[in-house]
Amino acid sequence: MAGTETVDSGASNGQQRYESGDTDDNNDCGPKPSELYGKHTWKIDKFSQLNKRELRSNVFEVGGYKWYILIYPQGCDVCNHLSLFLCVANHDKLLPGWSHFAQFTIAVVNKDPKKSKYSDTLHRFWKKEHDWGWKKFMELSKVLDGFIDADTLTIKTQVQVIRERADHPFRCLDCQYKRELVRVYLTNVEQICHRFVEERSSKIGKLIEDKARWSSFRAFWLGIDQNTRRQMSKEKTDAIFRVVVKHFFIEKEVTSTLVMDSLYSGLKALEDQTKSKKGRAKLLDAEELPVPVVRVDKDMFVLVDDALLMLERAAVEPLPPKDDKGPQNCMRDGVSREEFSKDSIERDERRLTELGRRTIEIFVLAHLY
């Protein structure tokens, strides 16, 4: 096959590059996100001379699965477009009923990196959908505008296989891949979390404004003994996780893996707060952490104060406003990760964590109520 190809598998170097990010899962015997992540670079030489309808890259392995890139130089069922797909290489040899989620990015590289063309998506690959991508990845007329270098077209792919476990539903992405996707989708995560928090806060606010109902609830709550209140103010973490997954990823069909990572980061922040007042959360400095609504006690979510006070607080405590200073769509503009400032990375990750923390807290409170 014409061209050269290179593979960078997360399994081989992820521990060294992202050691601090992997320590969160030390108590989990399953593979870490960095071990389920990999990159592949495909350089297609003599691109202008191609006369084949389709062309396949070499097979590469990521996350225990074999993949290849499929390109249609003149378009697949469309005219005047370059079509690109990620495919499961040995789909016909896998056991019946196989399926797995993968987040992936495909990029056609421009001589000016800021003009490179990126597209990414999340897809469940299975027997009838073992290939996925874009028929209209980019117009052929634009391919000649800086994307051909010495008659070579370079295609870069990043693949993150999503491990699915009911008892460990969050954190799906390799640390560096997450940072790149944050540049594009942080605003989307903000919108999803804001909608949920505002919806739940509004319902709680309406309850409090209804003086008859609120008085009745207060009378009921104050009329039961302290031990019963404590029992009613906590819930097992796995029970909450099931409700969260059902709400966001089944009923609402949220397809953003960043939402999962946001919830994971928020959960870790709550756990770190609970462990020690002197402890420092991995993504939020202790002095920056808001006063919690919920603490994590072993396998339980527990309200930190009386339910009446927590409900009143939730009704008036919205998410903080969006940080407009954070760079958005940098990956879309082709800015390399070396160009990201340390401050912007830390700011974005603090934001992602705070969104997840607040979402989990209001989820727990609304569930208990």
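Residues numbered from 1 in each chain as written. Predicted model: local features only at pLDDT ≥ 70, side-chain atom pairs only at ≥ 80, totals over all residues. Heavy atoms only, no water.

Going by what an unreviewed UniProt entry lists, the protein chain is known as MATH domain-containing protein and is assigned to Actinidia chinensis var. chinensis.

Caption draft 1: Layout of the overall build of the protein chain. The helix and strand tally for the protein chain stands at 10 helices and 14 strands. Counting over 369 residues, the protein chain shows a buried share of 50%. As displayed, the protein chain has an accessible area near 18,800 Å², and 49% of this comes from carbon and sulfur atoms. (Helix = DSSP H or I, 4+ residues; strand = E, 2+ residues; numbered from the N terminus. Buried < 20%, exposed > 50% of the residue type's maximum accessible area, 1.4 Å probe, protein only. Areas by Shrake-Rupley, 256 points an atom, 1.4 Å probe, with all protein chains shown as cover.)

Caption draft 2: How the structure looks around a positive patch on the surface. Together, R195, K203, K206 and K252 make up a positively charged patch on the protein surface. The topology assignment puts K252 in the loop between α7 (237–251) and α8 (257–275). (Patch = residues over 30% accessible without salt bridge, like charges linked within 9 Å, V, L, I, M, F, W, Y side chains within 5 Å. Salt bridge = Lys/Arg side-chain N within 4 Å of Asp/Glu carboxyl O. Lys, Arg positive; Asp, Glu negative; His and termini not counted. Charge placed at Lys NZ, Arg CZ, Asp CG, Glu CD.)

Caption draft 3: Summary view of the pattern of salt bridges. Using the criterion set out here, one finds 17 salt bridges in the structure. Note that R183 and D348 form a salt bridge whose closest N and O atoms lie 3.5 Å from each other. Highlighted residues: R183 in helix α4 (residues 175–209) and D348 in helix α10 (residues 342–368), separated in sequence by 165 residues. Judged by relative accessible area, which is 2%, D348 ranks as buried. For E190, the salt bridge goes to R351, with nearest N and O atoms at 2.8 Å. Separated by 161 residues along the polypeptide, E190 in helix α4 and R351 in helix α10 bring together distant segments of the chain. The network of salt bridges with shared partners includes R53, E54 and R56.

Caption draft 4: Region of the structure containing the packing of helix α5 (residues 211–222) against helix α9 (residues 307–316). Between α5 and α9, the least distance of the axes is 10 Å, while the angle of their chain directions is 150 degrees. Relative to α9, the element α5 lies roughly antiparallel. Touching W214, F217, R218, W221 and L222 of α5 are A307, L308, L311 and E312, all from α9. For the contact of α5 with α9, the residue count by class is seven nonpolar, no polar and two charged. (Axes fitted to C-alpha atoms, helices over the stretch in contact; angles between N-to-C directions. Parallel < 35°, antiparallel > 145°, perpendicular 65-115°, else oblique. Contact = heavy atoms within 4.5 Å. Nonpolar A, V, L, I, M, F, W, Y, C, P; charged D, E, K, R; others polar.)

Caption draft 5: Here's a closer look at empty space enclosed by the protein. Taken as a whole and judged by the stated rule, the model has two cavities of 30 Å³ or more. Roughly 60 Å³ of internal volume is contained in the largest cavity. Lining the largest cavity, in full, are P31, K32, P33, L36, Q160, V161, R163, H168, F170, R171 and C172. Within the lining of the largest cavity, the residues separate by chemical class into six nonpolar, two polar and three charged. (1 Å grid on protein atoms, 1.4 Å probe; cavity = no way out; pocket = protein on both sides within 12 Å on 5 of 7 lines; lining within 4 Å. Points joined across faces, edges and corners; volume = space filled by probe spheres on them.)

Caption draft 6: Summary view of the environment of F85. Within the secondary structure, F85 is located in strand β6 (residues 81–88). Of the residues examined, F85 reaches a relative accessible area of 11% and is grouped as buried. Put simply, F85 and R56 are 29 residues apart on the chain and 9.7 Å apart in space, counted from C-alpha to C-alpha. Sequence-distant contacts of F85, that is, excluding residues within four places in its chain, are made with Y68, I69, L70, Y72, C76, I106, W132, G133, W134 and K135.

Caption draft 7: Structural context of the confidence of the model for the protein chain. Per-residue confidence for the protein chain averages 83 on the pLDDT scale, and 83% of its residues sit at or above 70. In the predicted structure, residues 278–287 sits below a pLDDT of 50 and forms 19 contacts with residues beyond four places in sequence or in another chain. Between residues 325–338, whose pLDDT stays under 50, and residues either more than four places distant or in other chains, the model counts 40 contacts. (pLDDT = per-residue confidence, 0-100.)

Caption draft 8: Highlighting α5. For α5, with 12 residues, the first-to-last C-alpha span of 16 Å sits near the 16 Å given by 1.5 Å per residue. For α5, every residue scored as buried is listed here: W214, F217 and W221. Projected down its long axis, α5 shows its buried positions confined to an angular sector of 65 degrees, all on one face. Opposite the buried face of α5, at more than 90 degrees from it, the exposed residues are K211, A212 and A219. Where α5 is buried, its residues contact α4, α6 (226–232) and α9. (Expected span 1.5 Å × (residues − 1). Arc of directions from axis to C-beta.)

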